[in-house]
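Single-letter residue listing:
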Amino acid sequence: MKKIIFAIFLCSTLLLASSKDNTIEQKIDSLLTLMTLDEKIGQLTQYSGNYETGPSAGTVKNEFQKLVKEGKVGSFLNVHGATNTHEMQKIAVEQSRLKIPLLFGYDVIHGYRTTFPIPLAEASSWDPQAVEKSARISAIEAAAAGVHWTFAPMVDIARDPRWGRIAEGSGEDPYLGSAMAAARVKGFQGNSYGEKGTILSCAKHFAAYGGAEGGRDYNTVDMSERTLREIYLLPYKAAVDAGAATIMSSFNEIAGVPSTGSKFLLTDVLRKEWHFDGFVVSDWTSIPEMHTHGVAANDAESAMLALNAGTDMDMEGGVYRKHLPQLLKEGKVSEQTLNEAVRRILRVKLRLGLFADPYRNASPEAEKKDIYNAAHIAATRDVARKSIVLLKNEKDILPLKKEIKTLAVVGPLANNTEEPLGPWHQQGRPSDVVTVLDGITKTVSSDTKILFAKGCDIVGNDTKGFDEAVSIAKKSDVVIVVVGEAAEMSGEAASRSSLTLPGKQEKFVEAIQATGTPVVVVLMNGRPLAVTWIAEHVSAIVEAWFLGVQSGNAIADVLFGEYTPSGKLPVTFPRTVGQVPYYYNYKNTGRPMDEKQKYNSKYIDISNTPLFPFGYGLSYTTFEYSSPRLSASKITKKESLKVVVDVKNIGRRAGEEVVQLYIRDEYGSVTRPVKELKGFQKIALVPGEKKSVEFTLTPELLSMYDINMKWGVEAGTFKVYVGTNSVDVQEASFEVSEL
Ligand code: GLC
């Protein structure tokens, strides 16, 4: 009986959903018959409102209300705040002819006002639930402010830390990146479209924007289709599978074709293979930039290329509104193509419920209740603690005792309220930031003497402040040195040719180290840094990235043991920029690195190992791993394999461990990476506790693109690696047979 009831429920749910979709499509059909050409092109046009986030395209600022009334605007970005959005929406839904609501987009990358850790920091938590919660809260705050749509998650794989936008993504690995992409989409959008406090997501920048040569932003991308599909496309696919409502096309070309005009990417892969039915928005003026790329002789050709490829909405480029009428007249763009682009945008607006409720509960009252409240502040502190990675802890100098007698806190980022917000912090306020000095002061005992000196700036050659910092370090039991980058040294248009600490900061650390007082370095940065000298000389290193408004509290929680660090690096730290690109899932080559031999793939002037490897992070306790146990030594191509490993906390403190599972397909019809992450689980263990952690390697996880670019499992021998990072692992082997 129960089965019958469930079947009826399932069918009615599916019927309801499909009937809802049918209703939406029917509504779009009727709107399309009513819309003029101007109104259709209006839906494809997005203007930037309050301020620019890119080079201005000469947008018509003072005509906005007139254009909205005439139905010539589909969306705004950078218009936010319940009052601002309400004012513009009211014109659209009351004064325009067809009353089609506007879509308000904004870059809610890691928080609206409650600023969370930058995405690269959150990825260091290896905790999709925590990341989903961060996106959830960001959505609630943005929705209260009248924002309908965020240009996030940024899911670009980045293997080159010179690229500033590595800060906005989840690092170098497609498996971890896919988990984070899905978590963020679910966090932003909730479980179903249109729920209160949700906003549309936008997976960006499609595609392979992080593959820019030289790590130079906007630069040329040239890679094989196999690398594109096996590494760079996977997180976008994960976002689409998680229900991402929109996709943003990227500035870059891939092998000669700018993404914004790539039919292969935007139609063949995205729609025909992945069945994506949302819409694609260009990046800021990326449509007219195809003229600059050199694939369009003018803006009209750029518009034609983009729309025919599958870019539905023109962000601030102004070329759809100017050129589509003539392109349609000349038959260079068909009415059908135009209607399909309009349909996709209207579909998303209808799914979001905008026609039924164009103001979506945004109001000054909602802003007061839902933005930057105590629950959100507490949540961001929790996510921030989980995002911290302990890189070194010699002689267990950490955690410090709260009763420490004299503590020096020095460095340009020790008492800084601006930089911890990180790039793309939008409505985040320096006045909300808890600095490291604040956090430590609130944590230590009332008898502790805290001494502060800035010592130097982030940039520049001034070392006059060294002496003061050195003198207080000499008087202290421990010195905390907080160094790193300025927030705007990562993010968009912020590539660096060097990975060292900017300015005189490294010299500053050396001067403090020379005092002989034990040193703890706290790094605040938006990319891996080649802090080789520090790694070789300083007792402890804490990677804190940019943690947002609760930076100081989260860092103090870790420094004084309120929270045992559990973060793991989502990206490799090279020893020097000369090693870049350096990533863990590299190919073996015919002459793999062997420092004892001459004729092999290495640099002669440096160790070829990373400074800190992918997946690396220490704890205040120690975890012991058993050898992995496999459910079989041989499986067929269609079978799955279970891998079990026992993990025991053999230390004196409770802690969390990210258990990582890698494979190596030893021989294939094409070369395979020496390791590939195929599973991770974050577990908590009290001292003495042991847990068995089980992974399942499915045929999908063992699949690859073979010599003919056919996706599937190839017979042969595989290695399995399980461990605490991508280097310290225990291994086992199994075989896949043809049948
Ligand atoms: C920028 C960025 C993109 C952002 C958009 C709107 O140029 O590339 O990530 O979402 O413009 O601000």
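Scroll up to find the structure this text is about.
Residues numbered from 1 in each chain as written. Predicted model: local features only at pLDDT ≥ 70, side-chain atom pairs only at ≥ 80, totals over all residues. Heavy atoms only, no water.

1. So, the sheet that holds strand S22 (residues 676-685)
Piece 1. Taking strand neighbours across the sheet as the criterion, the five strands line up as S19-S27-S26-S21-S22 in an open arrangement whose pairing is mixed. Of all strands in the sheet, those with a lone pairing partner are strand S19 (634-636) and S22, marking the two edges. Averaged over neighbouring strand pairs, the angle between their axes works out to 25° when direction is ignored.
Piece 2. Relative to strand S27 (residues 729-737), strand S26 (residues 716-723) is paired through eight bridges, and the arrangement is antiparallel. Pairing of threonine 717 across the sheet is with glutamate 735, part of S27. (Pairing = 2+ DSSP bridges. Helix = DSSP H or I, 4+ residues; strand = E, 2+ residues; numbered from the N terminus. Axes fitted to C-alpha atoms, helices over the stretch in contact; angles between N-to-C directions.)

2. Observations concerning the packing of aromatic side chains
Piece 1. Under the counting rule described, the total for this entry stands at 24 aromatic pairs.
Piece 2. Judged by centre distance (6.0 Å) and plane angle (85°), the ring pair of tyrosine 175 and phenylalanine 680 falls under edge-to-face. Taken together, the residues tyrosine 175 in helix H7 (residues 174-189) and phenylalanine 680 in strand S22 connect sequence positions 505 residues apart.
Piece 3. Judged by centre distance (6.2 Å) and plane angle (70°), the rings of phenylalanine 573 and phenylalanine 612 are edge-to-face. A residue pair is termed long-range when its members are at least 10 positions apart, and phenylalanine 573 in the loop between helix H21 (551-559) and strand S17 (623-625) and phenylalanine 612 in the loop between H21 and S17 qualify at 39 residues. In terms of burial, phenylalanine 573 and phenylalanine 612 fall into one category: buried.
Piece 4. In this structure an aromatic cluster arises from ring pairing among Trp126, Tyr175, Tyr584, Phe614, Tyr662 and Phe680.
Piece 5. Looking at lysine 204, its charged tip hangs above the ring of tryptophan 424, at a distance of 5.5 Å from the centre. (Phe/Tyr/Trp six-rings, centres within 6.5 Å; stacked < 30°, edge-to-face > 60°. Buried < 20%, exposed > 50% of the residue type's maximum accessible area, 1.4 Å probe, protein only. Lys NZ or Arg CZ within 6 Å of the ring centre and 35° of its normal.)

3. A word on the packing of helix H6 (residues 128-144) against helix H16 (residues 374-386)
Piece 1. Taken N-terminus to C-terminus, the directions of H6 and H16 make an angle of 150°; their axes are 10 Å apart at the nearest point. Put simply, H6 runs roughly antiparallel to H16. Considering how the two elements wind past one another, H6 and H16 form a crossing that is left-handed. Residues Ala130, Lys133, Ile137, Ile140 and Glu141 of H6 form the contact with H16, whose participating residues are His376, Ala379, Val383 and Lys386.
Piece 2. The residue makeup of the contact of H6 with H16, split by class, is five nonpolar, one polar and three charged. (Parallel < 35°, antiparallel > 145°, perpendicular 65-115°, else oblique. Left-handed = near helix turned anticlockwise from the far one by under 90°. Contact = heavy atoms within 4.5 Å. Nonpolar A, V, L, I, M, F, W, Y, C, P; charged D, E, K, R; others polar.)

4. Examining the side chain of asparagine 219
Piece 1. Here asparagine 219 is to be found in the loop between strand S5 (202-206) and helix H8 (225-232).
Piece 2. At 2.8 Å, the side chain of asparagine 219 and the backbone oxygen of glutamate 213 are in polar contact.
Piece 3. For asparagine 219, the residues in contact, after removing those within four places along its chain, are Ala212, Glu213 and Asn252. (Polar contact = N/O pair within 3.5 Å; in protein donor to acceptor, adjacent residues only side chain to side chain.)

5. A look at the pairing of S5
Piece 1. With five of its five residues buried, S5 lies for the most part within the structure.
Piece 2. Sheet topology places S5 next to strand S6 (residues 246-249); three bridges connect them, and they run parallel. Bridge pairing in S6 places cysteine 202 opposite threonine 246.

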